[in-house]
Amino acid sequence: DLVVKVGAEGLNAPQEVSWLTGDKVATEIPDYVAKALDRMVGKWTASSNVEGKQVNLRLSMEWAIKGKTLSYQWTSGVDEVSAGSGIIGWNAKRNAVVEHEMGGDGSESFALHKISKDGDWESPMHGTWVVDKRVVQYHLERKFEFQNDNEWSVKFSEIRVEGKLQPDRVRKYRRQQVIED
């Protein structure tokens, strides 16, 4: 059963919401988590080497749902362009940040972000990719590192596609410069 308690301030006030169990949960995103996510807001470019090919990526992230959820869109590719979108947001029941992503090719991903107060940020991810018009299962580990306000990177490790271990990868993001007239 979904239990929603509405206070005197109505539905716009912070709510205590409990899914299925009736337990009280943390409905507010912790400040240190919101600050970590806020660093990702903006327009970014990245490149990485995949199987000897340079893959370029464009990423746009912005706050949605009153600063509790980021929405993002991306495009990437070598010869043909692929695209997708997703959300990263606070999950009160898990007391953690979760991510859901859908690719334009029918791929999908889920990740649980572990963001610590001291800045460590890890995020195991799993789902399906479409490779050569075949759906394949994957699992990987990600570690996020921020070099400064305009650069961050993600190290992909323990990448398993259909159970087979793949080489580690690093993707470096750089903020796109906005040129104003």
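Residues numbered from 1 in each chain as written. Predicted model: local features only at pLDDT ≥ 70, side-chain atom pairs only at ≥ 80, totals over all residues. Heavy atoms only, no water.

Enquirer: What should I look at first to understand the overall build of the protein in this one?
Expert: Each helix and strand in the protein was counted, giving 1 helix and 14 strands. Across the 181 residues in the protein, those meeting the buried criterion constitute 36%. Counting contacts in the protein only where the partners sit at least 6 residues apart, residues at least 24 apart contribute 29% of the total. A total accessible area of about 11800 Å² is found for the protein, and carbon and sulfur atoms account for 50% of it. (Helix = DSSP H or I, 4+ residues; strand = E, 2+ residues; numbered from the N terminus. Buried < 20%, exposed > 50% of the residue type's maximum accessible area, 1.4 Å probe, protein only. Contact = heavy atoms within 4.5 Å. Areas by Shrake-Rupley, 256 points an atom, 1.4 Å probe, with all protein chains shown as cover.)

Enquirer: Quick question: what am I supposed to make of helix H1 (residues 31-38) here?
Expert: Residues that lie three or four places apart on an α-helix share one face, since the helix turns once every 3.6 residues. Within the sequence span of H1, burial applies to Val33, Ala34, Ala36 and Leu37. Buried residues of H1, viewed axially, fall in a sector of 160 degrees; they line one side. Residues of H1 that are exposed and point over 90 degrees away from its buried face: Asp31 and Lys35. (Arc of directions from axis to C-beta.)

Enquirer: Sorry, what's going on with the pattern of salt bridges here?
Expert: Here the idea is simple: oppositely charged side chains can pair when their charged atoms come close. Tallied over the full model, the rule gives 4 salt bridges. Measuring nitrogen to oxygen at the nearest pair gives 3.4 Å for the salt bridge that ties Lys68 to Glu28. With Lys68 in the loop between strand E4 (53-64) and strand E5 (69-77) and Glu28 in the loop between strand E2 (16-19) and H1, this residue pair connects regions lying 40 residues apart in the sequence. (Salt bridge = Lys/Arg side-chain N within 4 Å of Asp/Glu carboxyl O.)

Enquirer: How should the packing of aromatic side chains be read in this particular structure?
Expert: Where two aromatic rings form a pair, the distance of their centres and the angle of their planes describe that pair. Applying the stated criterion to the full structure yields 7 aromatic pairs. Summarising the aromatic geometry, the rings of Trp44 and Trp152 are spaced 5.7 Å apart at their centres and angled 85 degrees between planes, so their arrangement reads as edge-to-face. Of the two residues, Trp44 sits in strand E3 (residues 42-50) while Trp152 sits in strand E12 (residues 151-161), which places them 108 residues apart along the sequence. By relative accessible area, Trp152 is classed as buried at 2%. Site record: aromatic cluster; members linked through ring pairs are Trp44, Trp121, Phe144, Phe146, Trp152 and Tyr173. (Phe/Tyr/Trp six-rings, centres within 6.5 Å; stacked < 30°, edge-to-face > 60°.)

Enquirer: What is the right way to look at the nonpolar core in this model?
Expert: Soluble, globular proteins show a tendency: their nonpolar side chains are buried together. Membership of the largest hydrophobic core comes to 32 residues, with the highest contact counts inside it found for Leu37, Leu59, Trp152 and Tyr173. When contributions to this core are tallied by element, the ones reaching two or more residues are H1, E3, E4, E5, strand E6 (81-91), strand E8 (108-115), strand E11 (134-148) and E12. Tallying contributions element by element places E12 first for this core, with 5 residues. Apart from the residues lying within four places of it in its own chain, the contact partners of Leu37 are Ile29, Trp63, Leu70, Ile88, Val97, Ile115 and Trp121. (Core = buried A, V, L, I, M, F, W, Y, C linked by side-chain atoms within 4.5 Å.)

Enquirer: For this particular structure, what's the right way to read the confidence of the model for the protein?
Expert: When pLDDT drops low, the exact placement of atoms in the prediction is not to be read closely. Across the protein, the average pLDDT comes to 84, with 82% of residues at 70 or higher. Across residues 1-20, confidence stays below pLDDT 50; counting only partners more than four residues off in sequence or on other chains, it has 27 contacts. (pLDDT = per-residue confidence, 0-100.)

Enquirer: It is not clear to me how the environment of Ala36 should be interpreted in this structure. Could you clarify?
Expert: Positionally, Ala36 belongs in helix H1. With a relative accessible area of 12%, Ala36 lands in the buried category. For Ala36 and Phe146, which are 110 residues apart along the polypeptide, the C-alpha to C-alpha distance reads 9.4 Å. When sequence neighbours within four positions are dropped, the list of residues in contact with Ala36 reads Ile115, Trp121 and Phe146.

Enquirer: I would appreciate a short explanation of the side chain of Ser109 in the present structure.
Expert: Note that Ser109 resides in strand E8. Accessibility expressed as a relative area gives 9% for Ser109, which makes it buried. A distance of 2.5 Å separates polar atoms of two side chains, one belonging to Ser109 and the other to Tyr138. The residues touching Ser109, leaving out its near neighbours within four places in the chain, are Glu99, His100, Glu101, Met125, His126, Gly127 and Tyr138. (Polar contact = N/O pair within 3.5 Å; in protein donor to acceptor, adjacent residues only side chain to side chain.)

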